[in-house]
Amino acid sequence: MYQFYPYQLPQRQFYPWYNQPYISHAITSYQPFISPEQTFTSSHFTHSQTPTIKRKLKTLPSFELINLLNTHMSQLKQIHYLDQQQQLPISIEFLRILYYAPRSTLTSAIQSQEFSLVRTTFNDILQQWERLSYLPDNEASMFHITTKVLQRIIKVIDDITLVPLWLSDSTLLDTIATLLTHIANMGKFLDDNNKQPFRHFTHLIHTYTLYQQHLNQHPHSNKDIFIQLLHPVQLCLTSTHFVHSFATLSTHSNTLTTSHKFFLLKCPAFITSYHGSALEETMHTLLSTMLPHYVTMLDKAMTSCSHWSQSMIRCVDSLLSMINHGTGEFDNNVKVVSEHLPLIDHVLRLVDEASLYENISETLSNGETLLLNSAMRFLVIMKNESNILAHMKESHKTESFLRLTSCRYEGIVLNAYTLLAYTAREEDIKTMPESDRLLHTIVQSLKITVNDKLEKKNETEQLLEILKGLIQHEQIKAEISKQDVLSFLLELVHKLTGKAHVSIVEILWSLTFHDESALILRSDPTFLKTIENISRESHDDALKKAADGLVWKLIREPAFLKKIAKQEEDEVHNQQKVTQTIVEEVITGDGQKQLVTTIKPATNSSGERMFQYDIMISYCHADKEITYKIHKFLIDQGFKVWIDLDNMHGPAMSAMADAVENSEFVIMCMSDSYKQSTYCQAEAEYAFNCKRRLIPLIMRPKYRPDGWLGFLIGSRIYVDFGRFDFDTACGKLMTEISLQSKRPLPSKADRVKGEEQVDKKSVLISGHEKPSMDDNINIPSSFTQRKTMSNFNRKLIKDWTDSDVLDFLSTERLTPMMPLCTEMNGRALIQLYKMCLSQHSCMYGILNDELKSTYKTKLPIRTFSVFLSAVEQRLNIDPWSLPQSSWQYSDTTTDIIPQEYTLNEYNTYPDTQYDLLLTSNASTLDILRTIERYGINYAKTAFS
């Protein structure tokens, strides 16, 4: 009937300790519970006195319980002579006594042959319930007490090998699976006539959940022992009864019906406790079916989340815990969630909920702490999917995550730091109050946990994951040097093992892209020898890859780049030696003809080179699906393309370098995953240093590069596959390839020969020395002869259009900057200015290289400096010229921006004596300056 599990397999195949030595005393025959000296007369407790016995069992001394147990054991030996109606009272009484027996007595009794007789009776009762849809009183009582005893056995017995084997019997599990299927498909047993049996069945499912949890603590146990129940439970979780149960939850009442508990708590808990081979497939089916329903369910519930009852909190926590369990290790299931982003919004809303935050405790002892812990864990899992990570960044929850770093429960704190590390933008880190404390806190915590290797292993691994995310930000890399953290990180290379060892080597690899850190690492011979040994000898692919990356950045790359520069210089030198002799006939001043011989460089020595590949594709494995489609498109267009299709961890660094050097174009498939990948950064920067034609592609909707990736691409035109449909984006890609192919590919020798060197300590020019027009050779006339068409002087720089930006540059005689700022509005210009301030040398090199490769024109250093000075002056607003109450200070920019006024064009009125009449104590100069910068409407308000 069910495709997810086998039927009628031998019992031994469902035995959790299969192929392991079994403890001998667990299968010994039943021994008397009392010594021969002890006596007891069973006639004192007849069947008619059962209610009295039941009331007294809780208070009976242990020895009396043992005596009772012996008496009923003797009766059970004769049970096969009785019919079922006579057997049940004896079995019920035996199980009631056993339920209250001491742990040692319980452990011994369940190994007896007499206890095994309960299996047949119990299975018969379940089958009877399935046939009749109700249970008589005795059968219902037997169902109840058997379930209670089984649950107590699981709870009190530490040695899981002592649990009765018949609990995993295939016949019994098949009966339970059938009952679950009827509940899911027909709603059977959910009526009022079955309230008690259904409650007992719910407890039975919970018992199997506890059993699975015990099995998970033993690494060699059979995790598929209850796989027969998995698909039927999944059916319950995808049924209309599940949706109805959630819809009928009261947000104000703490009372749950048995149906609520079964569908919303017990079934999810069973899935969460399962760690077997069918988990990924089961959860994929469950999520694919139910995620739209989860979103709809929460749409309604979230409107009152500030007033949720404990029952509602428990049920939502149960749902999130189940999703976390099914997605934590399965990327394909995370992708399913990425198709339902409103669910992410609902969880982000929970993180913001004050009523939950204010009730967080130090342990998982209340519903609010449990729910927020599950919500934060959910977001940490989801951050690994690029679309979801981009969506979380767009939600701007940095402040929410910062607040949670100070809560009382340590697990939530760690997850909050993790989310901060991966969702904060470069601008968020820069504007964060005391951002240096962020790094300091993580490092100090790491110093504590690494000394407790066993107890704090998971915490150490998560702290390293946080640090790995933080150092993607340039400011944090700088803090590493300021706080002298690098020496501590180097010590960890020798202390850590396993996953933590991989993380620390990856962190150091990432730090090689920071000049100061790279210099320190390169000057440590012991460290260099260590990573070279790891690169050669390690059998851990991830560790070997990280070590190979370190060796590449610290040792091999500088040598490779030097070799390439030398080869290009030699090529230029050899080309200059290739000459041609030209003989021309000229007429001298006296009218005589004369032959003149001229030796010139050969006209065919253009320096253009041939490449083995047309295109290399640099991408992150997380974006492989769309990348492979792009690859196929380019192949179909006839291009020779190099791409790593086989190895998700990336090829050896030398293979990457060889591919870059032998490709004319390098396509950079940009996304959050790409930016976070140290390997992708190494690839992209090497392509940039090799002067390859770079074509950046946006792979995910709404993604915008920042940090190192933003610096690298500069103002290059990118193709947005996240915005346009695939065919349209591919058309734009072909256009960009065609345009770049028409431009000469600059050699490194040309660049070294003609490039102006920038002093890293150079100071910005404060004056406005106008650049000479001689620097504008080869720049199109549309820039050099531009006439000012907009009134940009009366707008804030942040409100400038792309035309305003060009007019500003033309007015300031910054013509070489105009091609670099095409299609750039005022906000983009501000960002370029900030990038230039923070990375003078790097940004000058990027801008100069782009201008040279496009128009064969260099960017004079004076033009670059005057550009910075001119933009600075535009941003340097005089705060005394306007009422201070009119200003609002932005958290993300350094300029002061009046936000509450609309800036309209200045209008003249020819029929009036004055264009503008103002009465104010402010000076005329201040008034005119205000009108020029912010328009007439603002001036009227400010000075009236």
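So, a few notes on the structure that sits alongside this text.

Thresholds, definitions, all that
- Residues numbered from 1 in each chain as written.
- Predicted model: local features only at pLDDT ≥ 70, side-chain atom pairs only at ≥ 80, totals over all residues.
- Heavy atoms only, no water.
- Helix = DSSP H or I, 4+ residues; strand = E, 2+ residues; numbered from the N terminus.
- Buried < 20%, exposed > 50% of the residue type's maximum accessible area, 1.4 Å probe, protein only.
- Contact = heavy atoms within 4.5 Å.
- Pairing = 2+ DSSP bridges.
- Right-handed = clockwise from strand over helix to strand, strands pointing away.
- Phe/Tyr/Trp six-rings, centres within 6.5 Å; stacked < 30°, edge-to-face > 60°.
- Lys NZ or Arg CZ within 6 Å of the ring centre and 35° of its normal.
- Salt bridge = Lys/Arg side-chain N within 4 Å of Asp/Glu carboxyl O.
- Core = buried A, V, L, I, M, F, W, Y, C linked by side-chain atoms within 4.5 Å.
- Axes fitted to C-alpha atoms, helices over the stretch in contact; angles between N-to-C directions.
- Left-handed = near helix turned anticlockwise from the far one by under 90°.
- Nonpolar A, V, L, I, M, F, W, Y, C, P; charged D, E, K, R; others polar.
- Expected span 1.5 Å × (residues − 1).
- Arc of directions from axis to C-beta.

Our next topic: the overall build of the protein chain. Counting its secondary structure elements, the protein chain contains 43 helices and nine strands. Looking at the protein chain as a whole, 52% of its 944 residues are labelled buried.

In this structure, T460 sits in helix 23 (residues 457-470). When near neighbours in sequence (up to four residues on either side) are disregarded, T460 contacts L446, T449, V450 and L496.

To continue, consider the pairing of strand 3 (residues 613-618). Burial within strand 3 is extensive, with five of its six residues counted as buried. The pairing of strand 3 with strand 5 (residues 663-670) spans five bridges and is classified as parallel. What sits directly across from I617, in strand 5, is I667. Relative to strand 4 (residues 641-642), strand 3 is paired through two bridges, and the arrangement is parallel. Paired with M616 across the strands is W642, a residue of strand 4. In this fold, the crossover linking strand 3 to strand 4 by way of helix 30 (residues 624-636) has right-handed handedness.

Attention now goes to the packing of aromatic side chains. All chains considered together, the criterion is met by 20 aromatic pairs. Between F242 and Y294, the ring centres sit 6.2 Å apart and the planes meet at 65°, which makes this aromatic pair edge-to-face. Here F242, found in helix 10 (residues 240-247), pairs with Y294, found in helix 12 (residues 279-301); they are 52 residues apart in sequence, far enough to count as distant. For the pair shown, F242 and Y294 are each scored as buried. Between W509 and Y679, the ring centres sit 6.5 Å apart and the planes meet at 75°, which makes this aromatic pair edge-to-face. Residue W509 is located in helix 26 (residues 498-511), and its partner Y679 is located in helix 33 (residues 678-689); the two are separated by 170 residues in the primary sequence. For the pair formed by W509 and Y679, the shared burial category is buried. An aromatic cluster is present here, built from F122, W129, F143, F189, F198, F201, F262 and F263 joined pairwise through their rings. Over the ring of F560 we find K563; its NZ or CZ atom is 4.7 Å from the centre of that ring.

This part covers the pattern of salt bridges. The final tally for this structure, using the stated rule, is 25 salt bridges. Between R403 and D352 there is a salt bridge whose closest N-O contact spans 4.0 Å. One end of the pair, R403, is in helix 19 (residues 398-404); the other, D352, is in helix 15 (residues 341-352), with 51 residues separating them in the sequence. Close ionic contact of D720 with R704 constitutes a salt bridge, the shortest N to O distance being 3.6 Å. Within this pair, whereas D720 is found in strand 7 (residues 719-720), its partner R704 is found in the loop between strand 6 (693-698) and helix 34 (707-713), the two being separated by 16 residues in sequence. For D720, a relative accessible area of 5% gives the class buried. Using a relative accessible area of 38% as the deciding quantity, one classes R704 as partly exposed. Sharing partners across several salt bridges, the network here consists of D352, K397 and R403.

Let us look at the nonpolar core. Residues F201, Y294 and L489 are the most contacted members of the largest nonpolar core, which totals 240 residues. Sort the elements by how many residues they give to this core and helix 12 lands first, with 11 residues. Membership of the second largest hydrophobic core comes to 21 residues, among which are I617, F633, V641 and I737.

On to unusual backbone geometry. Located in the positive-phi region is H396, a residue other than glycine, with phi close to 55°. Inspection of the secondary structure puts H396 in the loop between helix 18 (386-395) and helix 19. Even without being a glycine, K691 presents a positive backbone phi close to 60°. Considering the arrangement of structural elements, one finds K691 in the loop between helix 33 and strand 6.

A separate point is the packing of helix 22 (residues 435-449) against helix 24 (residues 474-482). Packing of helix 22 against helix 24 brings their axes to within 10 Å, and their N-to-C directions diverge by 65°. Seen along the crossing, helix 22 lies across helix 24 with a hand that is right-handed. On the side of helix 22, the interface is formed by S435, D436 and L439, while helix 24 contributes Q475, I476, E479 and I480. For the contact of helix 22 with helix 24, the per-class residue count stands at three nonpolar, two polar and two charged.

What follows deals with helix 22. Residues separated by three or four positions in an α-helix point in the same direction, a consequence of the helix having 3.6 residues per turn. When the terminal C-alpha atoms of helix 22 are compared, their 22 Å separation across 15 residues agrees well with the 21 Å that a helix rising 1.5 Å per residue should span. When we look at burial in helix 22, the residues that qualify are S435, L438, L439, I442, V443, L446 and T449. Around the axis of helix 22, the buried residues are gathered within 125° of arc, so they sit on the same side. Summarising the geometry of helix 22, the exposed residues directed more than 90 degrees from the buried face are R437 and I448.

Turning our attention to the environment of I695. For I695, the location among the structural elements is in strand 6. The spacing of I695 and E736 is 41 residues in sequence and 7.7 Å in space, taken between C-alpha atoms. Beyond its immediate chain neighbours, meaning those up to four positions away, I695 contacts F665, V666, I667, M668, L733, E736, I737 and Q740.

A few words on the sheet that holds strand 5. Backbone hydrogen bonds hold the strands of a sheet together, and the pairing may be parallel or antiparallel. Taking strand neighbours across the sheet as the criterion, the five strands line up as 4-3-5-6-7 in an open arrangement whose pairing is parallel. Only two strands of the sheet have a single partner each, and these edge strands are strand 4 and strand 7. Where strand 6 meets strand 7, two bridges bridge the pair, whose relative direction is parallel. Counted as the bridge partner of I698 is D720 from strand 7.

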